[in-house]
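What the coordinates show
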Amino acid sequence: MIEKKPFKKCPMCSTVWETREDFLSDDSLEINGYGADFRALEKSLFYFTHKKEGCFSTMAIKAEKFLSLYSGRKYSERRTGEEGCPGYCLDKKQLNRCDAFCECAFNREIIQIIKRRTS
């Protein structure tokens, strides 16, 4: 029998979230960072803090775990550093939506979806 691996386990307190939905509906989690991987955007990292008393661990989860949350437009060219780029992807703590017509923008839309679901 193949054992199903949970979506995420907290490295500090060992809380287990069996599914992505369990994870996103947990009020004790807060997304607080994004690390772009410009070579493979699906390998970019979303950072979450587990704001549970006695824990407060920060954990990273690859963007690929959240890709299906977004069904909007994706651009094919990267515009990082060009005119109109606010440089958000270069600042790990910056979680704002990006209006640039850039291939990186969809991960920032996923951040907005996660923020709505975890708040």
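Residues numbered from 1 in each chain as written. Predicted model: local features only at pLDDT ≥ 70, side-chain atom pairs only at ≥ 80, totals over all residues. Heavy atoms only, no water.

**Concerning the pairing of strand 3 (residues 29–35)**
Judged by how many residues are buried, strand 3 sits mostly within the fold: 5 of 7 residues are covered. Judged from the 6 bridges that link them, strand 3 and strand 4 (residues 45–50) form a sheet pairing that is antiparallel. Across the sheet, residue Ile-31 finds its bridge partner in strand 4, namely Phe-48. (Buried < 20%, exposed > 50% of the residue type's maximum accessible area, 1.4 Å probe, protein only. Helix = DSSP H or I, 4+ residues; strand = E, 2+ residues; numbered from the N terminus. Pairing = 2+ DSSP bridges.)

**With respect to the state of the cysteines**
Counted by the stated rule, this structure contains 0 disulfides. Summary of cysteine pairing: Cys-55 is not part of a disulfide, and the nearest cysteine sulfur, belonging to Cys-10, is at 3.4 Å. With no disulfide of its own, Cys-98 lies 6.0 Å from the sulfur of Cys-85, the closest cysteine sulfur. Look at Cys-98 and you get buried, because its relative accessible area is 12%. (Disulfide = S-S within 2.5 Å.)

**A word on the side chain of Ser-57**
Considering the arrangement of structural elements, one finds Ser-57 in the loop between strand 4 and strand 5 (58–62). Using a relative accessible area of 11% as the deciding quantity, one classes Ser-57 as buried. Beyond its immediate sequence surroundings of up to four residues, Ser-57 is in contact with Cys-10, Pro-11, Met-12, Phe-48, Thr-49 and His-50. (Contact = heavy atoms within 4.5 Å.)

**With respect to unusual backbone geometry**
A negative phi angle characterises most non-glycine residues, just as the trans form characterises most peptide bonds. A positive phi angle is found at Ser-14, which is not glycine, with a value near 70 degrees. Secondary-structure assignment places Ser-14 in the loop between strand 1 (8–9) and strand 2 (16–17). For Phe-56, which is not glycine, the phi dihedral falls at a positive 55 degrees. For Phe-56, the location among the structural elements is in the loop between strand 4 and strand 5.

**Digging into the nonpolar core**
Grouped together as the largest cluster of nonpolar side chains are 29 residues, with contacts concentrated most on Phe-23, Phe-46, Phe-48, Phe-66 and Ile-114. Looking at this core, the elements that each hand over two or more residues are helix 1 (20–24), strand 3, strand 4, strand 5 and helix 2 (105–118). With 5 residues, helix 2 is the single largest residue contributor to this core. Aside from chain neighbours lying at most four places away, what touches Phe-46 is Ile-31, Gly-33, Tyr-34, Met-59, Ala-60, Ile-61, Ala-63, Phe-66, Asn-107, Ile-110, Ile-111 and Ile-114. (Core = buried A, V, L, I, M, F, W, Y, C linked by side-chain atoms within 4.5 Å.)

**Comments concerning the sheet that holds strand 5**
In a beta sheet, neighbouring strands pair by backbone hydrogen bonds and run either parallel or antiparallel. Within the open sheet, the 3 strands sit side by side as 3-4-5. Their pairing is antiparallel. Only two strands of the sheet have a single partner each, and these edge strands are strand 3 and strand 5. Shown here is a sheet whose adjacent strand axes are inclined to one another by a mean of 30 degrees, direction ignored. Contacting strand 3 and strand 4, helix 2 crosses the sheet at an angle of about 170 degrees to strand 3. (Axes fitted to C-alpha atoms, helices over the stretch in contact; angles between N-to-C directions.)

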